[in-house]
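Coordinates in review
If you want the building blocks of each chain, they are given just below.
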Amino acid sequence: MTDSSSASSLIVGGAASSPRAPLPTLPPLALYIHIPWCVRKCPYCDFNSHTASPVLPEQEYVDAMLADLDQDLHAVYGRELSSIFFGGGTPSLFSAEALGRLLEGVKQRIPFADDIEITLEANPGTFEQEKFVAYRKLGINRLSIGIQSFQQEKLKALGRIHNGDEAVRAAGMARQAGFDNFNLDLMHGLPDQSLEDALSDLRQAIELKPTHISWYQLTLEPNTVFWNQPPVLPEDDTLWDIQEAGQALLAEHGYAQYEVSAYAQPGRPARHNLNYWSFGDFIGIGAGAHGKLSHPDGRIVRTWKTRLPKDYLNPAKSFQAGEKALTNDEMPFEFLMNALRLTAGVESRLYPERTGLPLESLEEHRREAEQSGLLQVEPSRLAATERGQLFLNDLLQKFLS
């Protein structure tokens, strides 16, 4: 990502390509709101997050995000929001008053669907019963709670500020505050983690009866403390045992895997994330937020906002740092890197509907992927096989131009 101080420095990527067919219908529209501050940055985190000062610039930041949204409105006129996601950072550091003013400002600009899903990320260390009751009254109807582990030594290794008891209490407080739909984030493959350690965390999470569990493996990402000072992680055989046993345990308790690392009770997948994975549209506001918008004439444009909070709050600088119009050659990979994360894939008809390109344009690469055993031989669906899910990067490589 690139920071920019003026609109004239927009980055338009990709070579010129022939026009795509006009899109028959525009996809669902979502809004991602990035609040970049945390109490402390975790050593594994590569998100755009920054250690919070004692007093957060709530009013200034909300004003900036609404002004940022104003600049995107021309591209979404006449559409409604199907979901909103507050991510970070730790959005629950913001007061209910600040989030309420932001939501009201958004609603004045873009209508909300009657059944809109509004998710707020929160960490157990930031749970306050009164604050979360107020969040629920604002219309926020889903929480995503960053647990990661219930075991103190694992939490310490991950640099988390909460303990296991606080994590358990957070789930209880979420229910008491009126949230009947919430996700717990858990990680596995942690430093010195055994199979039993990982399953113990999962059992504890399942006991709390969340509607959704995000269960994903710790990976070492560039530009993180763990990348520069790598911890000792479990051997591959242990990681495989954890994956197999954990998936079986989740299935046994009614959590169906619908994405690489997402498991949900019936009817409770994350609608906001499903929109990403089915190549839906989303506006991104806030420092470093990304967006993707389709236009009736067939253009599909990805955008990204100024990354550093001090620059984002600087009225002399542009909110938008860059944009990239997707070319025809890039479209298969862009579409499938999302759609093939879904265990059931997507209906084949979604490809022309969301890209403006004929399904036949995938034929050569699709046949090669099917012959390699990575893509299901199913004309009406685009879906990875079980092997393809395990080797998703290999499968996606076949669709790179």
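Residues numbered from 1 in each chain as written. Predicted model: local features only at pLDDT ≥ 70, side-chain atom pairs only at ≥ 80, totals over all residues. Heavy atoms only, no water.

1. Some remarks on the domain arrangement of the chain
Splitting the chain by domain gives domain 1 (29-275) and domain 2 (327-400). The straight-line distance from the C-alpha centre of domain 1 to that of domain 2 is 28 Å. Listed per partner, the contact involves seven residues of domain 1 and five residues of domain 2. Both sides together, the interface formed by domain 1 and domain 2 hides about 540 Å², and carbon and sulfur atoms give 58% of it. The largest contributions to the domain 1 side of the interface with domain 2 come from Tyr258, Glu259 and Val260, which together make up 59% of the buried area. (Domains from an automatic or database assignment. Contact = heavy atoms within 4.5 Å. Buried area = accessible area lost by both parts, 1.4 Å probe.)

2. Things to note about the packing of helix H6 (residues 195-207) against helix H8 (residues 236-252)
Two packed helices can be described by the angle between their axes and the distance between those axes. The N-to-C vectors of H6 and H8 enclose an angle of 25°; their axes lie 9 Å apart at closest approach. Here H6 lies roughly parallel to H8, going by the angle between them. The hand of the H6/H8 crossing is right-handed. Here Leu195, Ala198, Leu199, Leu202, Arg203 and Ile206 of H6 come into contact with H8, specifically with Thr238, Asp241, Ile242, Ala245, Gly246, Leu249 and Leu250. Counted by class, the contact of H6 with H8 contains nine nonpolar, two polar and two charged residues. (Axes fitted to C-alpha atoms, helices over the stretch in contact; angles between N-to-C directions. Helix = DSSP H or I, 4+ residues; strand = E, 2+ residues; numbered from the N terminus. Parallel < 35°, antiparallel > 145°, perpendicular 65-115°, else oblique. Left-handed = near helix turned anticlockwise from the far one by under 90°. Nonpolar A, V, L, I, M, F, W, Y, C, P; charged D, E, K, R; others polar.)

3. A look at the packing of helix H1 (residues 58-72) against helix H2 (residues 96-109)
Running from N to C, H1 and H2 cross one another at 15°; their axes reach a closest spacing of 10 Å. Here H2 runs roughly parallel to H1, going by the angle between their axes. The element H1 and its partner H2 pack so that their crossing is right-handed. Two secondary-structure elements touch here, H1 through Glu58, Gln59, Val62, Asp63, Met65, Leu66, Leu69 and Asp70 and H2 through Ala98, Arg101, Leu102, Gly105, Val106 and Arg109. Residues that form the contact of H1 with H2 fall into these classes: seven nonpolar, two polar and five charged.

4. Here we look at helix H3 (residues 129-137)
Lys131, Phe132 and Tyr135 are the residues of H3 that are buried. Across the axial projection of H3, the buried residues extend over an arc of 95°, all falling on one side. Turned more than 90 degrees away from the buried face of H3 sit Glu130 and Lys137, all of them exposed. Where H3 is buried, its residues contact H2, strand S5 (112-122) and strand S6 (142-148). Backbone geometry just downstream of H3 places Gly139 in the positive-phi region, at approximately 105°. (Buried < 20%, exposed > 50% of the residue type's maximum accessible area, 1.4 Å probe, protein only. Arc of directions from axis to C-beta.)

5. Some words on the pairing of strand S4 (residues 81-88)
Counting buried residues in S4 gives seven out of eight residues, a clear majority hidden from the surface. In this sheet, S4 lies alongside strand S1 (residues 29-35) in parallel orientation, the contact comprising seven bridges. Note that in S4 the partner of Tyr32 across the bridge is Phe85. Bridging between S4 and S5 involves five bridges; their strand directions are parallel. Among the inter-strand pairings, Ser83 is bridged to a residue of S5, identified as Glu117. Remark: the S4/H2/S5 crossover connection has right-handed handedness. (Pairing = 2+ DSSP bridges. Right-handed = clockwise from strand over helix to strand, strands pointing away.)

6. Describing the nonpolar core
Within the largest apolar cluster, 67 residues are counted, with the highest numbers of intra-cluster contacts made by Ile84 and Phe86. In contact with Phe86, not counting residues within four places along its chain, are Ile33, Ile35, Pro91, Leu99, Leu102, Leu103, Ile118, Thr119, Leu120, Glu121 and Ile140. In this structure, Ala264, Leu382, Leu392 and Phe399 belong to the second largest nonpolar core, which totals 28 residues. (Core = buried A, V, L, I, M, F, W, Y, C linked by side-chain atoms within 4.5 Å.)

7. Here we look at a nonpolar patch on the surface
Taken together, the side chains of Trp240, Leu390 and Phe391 make up a nonpolar region of the molecular surface, amounting to roughly 320 Å² of accessible area. Tracing the backbone shows Leu390 in helix H14 (residues 386-390). (Patch = residues over 30% accessible without salt bridge, like charges linked within 9 Å, V, L, I, M, F, W, Y side chains within 5 Å. Areas by Shrake-Rupley, 256 points an atom, 1.4 Å probe, with all protein chains shown as cover. Salt bridge = Lys/Arg side-chain N within 4 Å of Asp/Glu carboxyl O.)

8. Here's the deal with a negative patch on the surface
Taken together, the side chains of Glu235, Asp236, Asp237, Asp241 and Glu244 define an acidic patch exposed on the protein surface. Assignment of secondary structure puts Glu244 in helix H8. Under the relative-accessibility criterion, Glu244 is labelled partly exposed at 45%. (Lys, Arg positive; Asp, Glu negative; His and termini not counted. Charge placed at Lys NZ, Arg CZ, Asp CG, Glu CD.)

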